[in-house]
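Examining the three-dimensional arrangement
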Number of protein chains: 2
Amino acid sequence: MLDWINGDGPDNHIVLSSRIRLARNIQGIPFPDRLNEKGSAKVVDIIKEAIDRNPVLAREFSLTVLKDISPLDSRVLIENHMISPALAERHKHSAVFIRKDYRVSIMVNEEDHIRMQILLPGLQLEEGWDLAGKIDDVLEETINYAFDERMGYLTACPTNTGTGMRVSVMAHLPALVLTNQLSRVFQALTQLGLAVRGIYGEGTDVVGNMVQISNQLTLGKSEEHIIESLKGMTREIINKENQARDALMSNNRVELEDKVCRSYGLLTGARILPSKELMELLSDVRLGVDLNLVTGVTTKDLNEIMLQSQPASLQKIARKQLSDMERDTLRAELIRKKLK
Amino acid sequence: MLDWINGDGPDNHIVLSSRIRLARNIQGIPFPDRLNEKGSAKVVDIIKEAIDRNPVLAREFSLTVLKDISPLDSRVLIENHMISPALAERHKHSAVFIRKDYRVSIMVNEEDHIRMQILLPGLQLEEGWDLAGKIDDVLEETINYAFDERMGYLTACPTNTGTGMRVSVMAHLPALVLTNQLSRVFQALTQLGLAVRGIYGEGTDVVGNMVQISNQLTLGKSEEHIIESLKGMTREIINKENQARDALMSNNRVELEDKVCRSYGLLTGARILPSKELMELLSDVRLGVDLNLVTGVTTKDLNEIMLQSQPASLQKIARKQLSDMERDTLRAELIRKKLK
């Protein structure tokens, strides 16, 4: 179970999760793009050895080789944010080490040899960086990273060179949307060098008022600086969202309650529930839970619903291929069971 | 309590109520339009005397003089279909005798001296005519009706002359609407000399798939013929609606359940509920109750909600004037209490 699901991280009423991603490559081996299957397997072996040499890591991580699992299982891993779509596409060459608590995944042979990801509940960027650093240090005891004194960590794509780090938070900003402030906040963030995206990363739409905010630059700034900067911006966004929520509660309490409770009624009533509509309803109800306008539902319930309602996860539950309509009805059925 | 509310009349899943209205005038007294207050009071006295002379009627009916009650109370009587808006408008001259079981009201000095109305649950036109005839006979023992051998009962407006009778049923036809058949049915009814209207009579829109179907002609046909004709047409409409419901259940069961249960979710979730939206939601839920798609709600609950959610009835409950917004929130609150 992904532990951000429990909804008990710091500032969790707005920031669902924090993510740190480090890109690393092994000195003397071509980037994954240039490797054949044998070369790719060797990279997996090198990393496995590095993990196995450390008793703690060896106990905590388990290896999944992508070509050994079904396409459905790899889509479930994508939906759980354990691997990227790019890793799944390279399934003949790729693998992933996942820590038992799902807080850490180490993707092998994605765009770079190593893509380490830390996923923590709530706003915990420093904690994430601390954890990433420790694992990175252990790996470095065995692995000779491709590193340049002037450039920093070398990566397949130059936009990742330097720290090789990308940090992001997933934030739920319904009140900024309701008060028409989100696009202004987005503009400000973009001007400050941050990227704002939907929850499935680059090129995805913002649905359900859920956004992913991340750094763009990896070069010329220290890891600490990048983290401090995103953390500061996130704190400001949290403040703005909280102010907007307070204003709505003071000035439009009944309208807000109406919106929230209607969405809860639709969530429990619907027999056919498309995923986009679900995300919108979940957003309203999540806000309602945060503001104590809805009782008998927890943030954890909503997170579980969000996760299990995704297409591959649904098919995993149903143990079969599902048509769009079958997905929409199973989604509605599972929600009713959970919220009954 | 209006007894059609209980929802246990014949064919009640489609026909909520049957209504018979008789127009009568007293020989030798000008039509109400031409009467001053004294003359109007005399008409009330004559009818009161006729009722009082019969022990059964005297015990069952109570007199309400319109100028003695508040405008709000008279609006509540309109909403309960006990009096017409026209009677309320003529409040300086008008009165109404209402039977304790609310099945019969005798309006005095509306357009005619006497407008007797029988309101029975479900499809009970013959039963209604039977009851109307009996009361009419009692009144005629004392009152000399304006009657012409050739024309029949004389009335203020020639369209009511003859039998002086109007018969109507209030029918709920959601499946004919969902399957786009209603306008065709309406055309057929109109060609057959029937009128189709919203539930508040002439000039009102059809809301919540609820229609009032009534005869147009009162002259040249016997009462029995008028009743038989409307009853036959109503039976055909019931058949068509039932066929449409069966077809929906066979071919679009999930979509129908989705629609019905979403509406139930909105009905219980909403904190602000405008009356038009309420009627639409009630229609869906009523269909759901009829088809056993919704449990834990009864037709009686829905009828009570429909009745108490009307503007004057709400203000009667609140014991004060209410703004539109206050009405919409109180309406939602009462519904939640009832359906909890």
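Residues numbered from 1 in each chain as written. Chains lettered and ligands numbered in written order. Predicted model: local features only at pLDDT ≥ 70, side-chain atom pairs only at ≥ 80, totals over all residues. Heavy atoms only, no water.

We now examine the overall build of chain A. Of the regular secondary structure elements, chain A holds 13 helices and 10 strands. Relative to the 2.2 N^0.38 estimate, which gives 20 Å for 340 residues, the radius of gyration of chain A is 21 Å and therefore close to what a compact globule would have. Dimensions of chain A, computed from C-alpha atoms along their principal axes, come out at roughly 65 × 45 × 35 Å. When the 340 residues of chain A are sorted by exposure, 56% land in the buried category. In chain A, once contacts between residues fewer than 6 apart in sequence are set aside, the share between residues at least 24 apart is 70%. The distance from the centre of the 43 positive side-chain charges to the centre of the 47 negative ones in chain A is 4 Å. (Helix = DSSP H or I, 4+ residues; strand = E, 2+ residues; numbered from the N terminus. Rg over C-alpha atoms; globule rule 2.2 N^0.38 Å. Buried < 20%, exposed > 50% of the residue type's maximum accessible area, 1.4 Å probe, protein only. Contact = heavy atoms within 4.5 Å. Lys, Arg positive; Asp, Glu negative; His and termini not counted. Charge placed at Lys NZ, Arg CZ, Asp CG, Glu CD.)

The subject of this paragraph is the sheet that holds strand S8 (residues 165-172) of chain B. Residue and element names in this part refer to chain B. Read across the sheet, eight strands follow the order S2-S3-S4-S5-S1-S8-S10-S9 without closing on themselves; strand pairing throughout is antiparallel. Only two strands of the sheet have a single partner each, and these edge strands are strand S2 (61-65) and strand S9 (194-197). Here the strands of the sheet are splayed against their neighbours by 20° on average, with no regard to which way each runs. In this sheet, strand S10 (residues 210-215) lies alongside S8 in antiparallel orientation, the contact comprising five bridges. (Pairing = 2+ DSSP bridges. Axes fitted to C-alpha atoms, helices over the stretch in contact; angles between N-to-C directions.)

The subject of this paragraph is the environment of Ala188(B). In this fold, Ala188(B) is placed in helix H7 (residues 182-191). Note: C-alpha distance between Ala188(B) and Met233(B) (45 residues apart in sequence) is 10.0 Å.

Residue-level contacts link 17 residues of chain A with 17 residues of chain B. Between chain A and chain B, roughly 1,400 Å² of surface is buried when both sides are summed, and carbon and sulfur atoms account for 61% of that area. Our count for the chain A to chain B interface comes out at four salt bridges. Here Glu277(A) makes a salt bridge to Arg262(B), at a shortest N to O gap of 2.8 Å. In this assembly, chain A and chain B are joined by eight residue pairs in polar contact (both at pLDDT 80 or more). (Buried area = accessible area lost by both parts, 1.4 Å probe. Salt bridge = Lys/Arg side-chain N within 4 Å of Asp/Glu carboxyl O. Polar contact = N/O pair within 3.5 Å; in protein donor to acceptor, adjacent residues only side chain to side chain.)

When chain A is fitted onto chain B, the two copies agree to an RMSD of 0.0 Å after a turn of 180° and an axial shift of 0.0 Å. Taken together, the rotation and translation describe the operation of a two-fold axis. Rotation axis and chain A: the residue whose C-alpha lies nearest the axis is Gly265(A), separated from it by 1.8 Å. Mapped onto chain B, 100% of the interface residues of chain A are again interface residues, and the two copies thus contact each other with one and the same surface. (Least-squares fit on C-alpha atoms with pLDDT ≥ 70 in both.)

Looking now at the domain arrangement of chain A. Residue and element names in this part refer to chain A. Domain annotation for chain A reports domain 1 (3-242) and domain 2 (253-339). Contacts between the two partners involve 22 residues from domain 1, matched on the other side by 21 residues from domain 2. The junction of domain 1 with domain 2 conceals about 1,900 Å² of combined surface from both sides, 64% of it contributed by carbon and sulfur atoms. Linking domain 1 to domain 2 there are one salt bridge. In this structure, the salt-bridge partner of Asp73 is Lys316, at a minimum N-O distance of 2.4 Å. Applying the counting criterion to the domain 1 and domain 2 interface returns nine residue pairs in polar contact (both at pLDDT 80 or more). The biggest single contributor to the side of domain 1 that touches domain 2 is helix H3 (residues 71-79), with five residues. Across the side of domain 1 that touches domain 2, the residue classes break down as 11 nonpolar, eight polar and three charged. (Domains from an automatic or database assignment. Nonpolar A, V, L, I, M, F, W, Y, C, P; charged D, E, K, R; others polar.)

Residue and element names in this part refer to chain B. The end-to-end C-alpha distance of helix H10 (residues 275-290) is 22 Å, a good match for the 22 Å that 16 residues give at a rise of 1.5 Å each. Burial analysis of H10 places 12 of its 16 residues in the buried class, which makes it a mostly covered element. When we look at burial in H10, the residues that qualify are Glu277, Leu278, Met279, Leu281, Leu282, Ser283, Asp284, Val285, Arg286, Leu287, Gly288 and Val289. Remark: Asn292 follows H10 within two positions and exhibits a positive phi of approximately 60°. (Expected span 1.5 Å × (residues − 1).)

Before going further, it helps to spend a moment on the confidence of the model for chain A. Residues at a pLDDT of 70 or more form 98% of chain A, whose mean pLDDT is 94. Across the predicted assembly, pTM comes out at 0.90 and ipTM at 0.88. (pLDDT = per-residue confidence, 0-100.)

Attention shifts here to the pairing of strand S4 (residues 104-108) of chain B. Two faces, one strand: in a regular strand the side chains alternate between the faces of the sheet. Residue and element names in this part refer to chain B. Among the five residues of S4, five are classified as buried, and the element is accordingly described as predominantly covered. Alternating residues of S4 divide into Val104, Ile106 and Val108 and Ser105 and Met107, and every residue in both groups is buried. Here strand S3 (residues 95-99) runs beside S4; their pairing, made up of four bridges, is antiparallel. In the strand pairing of S4, Val96 is matched with Met107. Where S3 folds back onto S4 in an antiparallel hairpin, the turn is made up of four residues, including Tyr102, whose phi is positive at roughly 60°. From the end of S4 to the start of strand S5 (residues 114-121), which pair antiparallel, there are five residues, and Asn109 there has a positive phi angle of about 65°.

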